[in-house]
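As a plain string of letters, each chain reads:
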Amino acid sequence: MQFSNVTLGKEAELFKIVGDNRIKCTACARYCQIPNGKIGLCGVRGVLDNKLFLFSYGKVISGNIDPIEKKPVSHYMPGTSIYSIATTGCNWLCKYCQNYDISQRRKIEGIELSPHGVIEMAKKYRVEGIAYTYNEPSIFMEFAKDCGVEAHKNNIFNIFVSNGYLTPESIDLTKQFLDCITVDFKGSGEQNFVRKFIGIPSSDPIFQTIKEIKNSTKIHIEITDLIVPEVGDDLFAARKLCKFIHDELGDDTPIHFLRFHPDYKMMQFPSTPTETLEKHYEVAKTEGLKYVYIGNVPGHKLEHTYCPECGMIVVQRLGFDIVSWNLDIKNRCKKCSYPIAITGKPKKIGIRNRFKILMN
Ligand code: SF4
Ligand SMILES: [Zn+2]
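As a convention, each chain's residues are numbered from 1 in the sequence order in which they are written. Lettering for chains starts from A, numbering for ligands starts from 1, and both go in the order in which the items are written. A pLDDT threshold of at least 70 governs which residues receive local features in this predicted model, and a stricter bar of 80 or more applies before side-chain atom pairs are shown or counted, although totals over entire chains, interfaces and linings include all residues.

Draft legend 1. View of the packing of helix α2 (residues 115–124) against helix α3 (residues 141–153). Think of each axis as a best-fit line through the C-alpha atoms, taken over the contacting stretch in the case of a helix, with angles from 0 to 180 degrees between the N-to-C directions. Each helix is a run of DSSP H or I of at least 4 residues and each strand a run of E of at least 2, with the numbering of both proceeding from the N terminus. Following both chains from N to C, one finds α2 and α3 inclined at 50°, their axes separated by 8 Å at the closest point. The orientation of α2 with respect to α3, classified from their angle, is oblique. Here the hand of the crossing between α2 and α3 comes out right-handed. Contacts from P115, H116, V118, I119 and A122 of α2 reach α3 at D146, C147, E150 and A151. Roughly parallel means an angle under 35 degrees; roughly antiparallel means over 145; roughly perpendicular covers 65 to 115; every other angle is labelled oblique. Put simply, a crossing is left-handed when the front helix is turned counterclockwise from the back one by less than a right angle, and right-handed when it is turned clockwise. By definition, residue pairs are in contact when their C-beta atoms, positioned from the backbone, come within 7 Å.

Draft legend 2. Spotlight on the pairing of strand β11 (residues 129–132). Residues G129 and A131 of β11 are buried on one face, and the alternating residues I130 and Y132, pointing to the opposite face, are buried as well. When DSSP finds two or more bridges between two strands, those strands count as paired. Two elements, strand β9 (residues 81–86) and β11, share four bridges in a ladder whose sense is parallel. Bridged to Y83 within β11 is I130. Taken together, the four bridges between β11 and strand β12 (residues 157–162) define a ladder with parallel strand orientation. Of the residues in β12, the one forming a bridge with G129 is F157. Since β11 and β12 lie parallel, the crossover through α3 that links them has a hand, and here it is right-handed. Counting other C-beta atoms within 10 Å of a residue's C-beta gives its exposure: the residue is buried at 20 or more, exposed at 12 or fewer, and partly exposed in between, where C-beta atoms are placed from the backbone. Convention used here: a crossover is right-handed provided that the path from the first strand, over the helix, to the second strand proceeds clockwise when the strands point away from the viewer.

Draft legend 3. Fine view of the environment of Q208. Inspection of the secondary structure assignment puts Q208 in helix α6 (residues 204–216). Looking at Q208, the number of C-beta atoms within 10 Å reads 17, which means it is partly exposed. Sequence separation between Q208 and S271 is 63 residues; the distance between their C-alpha atoms is 30 Å.

Draft legend 4. Representation of the sheet that holds strand β2 (residues 15–18) in the model. Across the sheet, which stays open at both edges, the three strands sit in the order β2-β3-β4 with antiparallel pairing between neighbours. Since the sheet does not close on itself, it has two edges, and those belong to β2 and β4 (33–35), each with one partner. Pairwise comparison of adjacent strand axes, ignoring direction, gives a mean angle of 30° for this sheet. Relative to strand β3 (residues 22–25), β2 is paired through four bridges, and the arrangement is antiparallel. Paired with F15 across the strands is C25, a residue of β3.

In structure tokens, the structure reads:
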């Protein structure tokens, strides 16, 4: 791809010089080898004067205040508010993307917001955390890192909502600032699905990423899996994913099976039937996972947290709100004292005020 309307942004940190006058970007598992004057597949990283630049550094295209539960994150800092930001571009080409206007835009656009400016916004809206979301954050890793380091100085935590298509080099940078990651599988990472509907050759790097994050960092991990009816709802693939999570990440790793809604180039597909999601729930439970959820189905009984020992509802939810909290001061089940793997506790219980859309 050629440059269109880029500003220089900032020189990237994640790269290697390779032969043939090319620079290899190491921010994501695409590992684009970019010649001088060209940009990588994500549209935001490119080579000028034999240097790799992150053109979208400090260019924020979307910013909203969300509940953390919307990410979805259910076992880390429940009840908190999050400043969610994104840039343009993405390293995936999902045919169902709900944010395609942002993610598939190959123009660098957005308001100028330095890391300091991002933190000022977070402080202004009194949020507890910042989420790097809507498009894949690893493609703007250097910007996220600078925001995240500044956020920590202000007692604000950092979350990635990521497709997990990272590299050992980019995982290394996350160690400086990242507190939580929710890795979004689609169609349980089944190979035919990811090739046809996402445009990546293999889902293997996602599995490697989460294994490495688990083994080399203290970052809290949650997994989501978008279940797409007819083409991305294979129970065998879901079982394989759940087995992996159980064996490599631990049985207390939360997993959320999300309902698909028709969007972008997949308008002809229906929404995922609730029964399909319930079948995935059963698979995860039989594989021994303790905290399994169904997402995008507000009011469903599987959006609550159940005690794995006695079965009581320990956290009752309604959509993104926590409506009852039945854990003691150490986050143990009030009925049987089983320790529930949740970090933090909500300051308030009940329906929260509406959240703000700042810009889109
Ligand atoms: S971040 Fe962008 S440029 Fe870098 S390897 Fe991934 S798609 Fe290519
Ligand atoms: Zn219990």
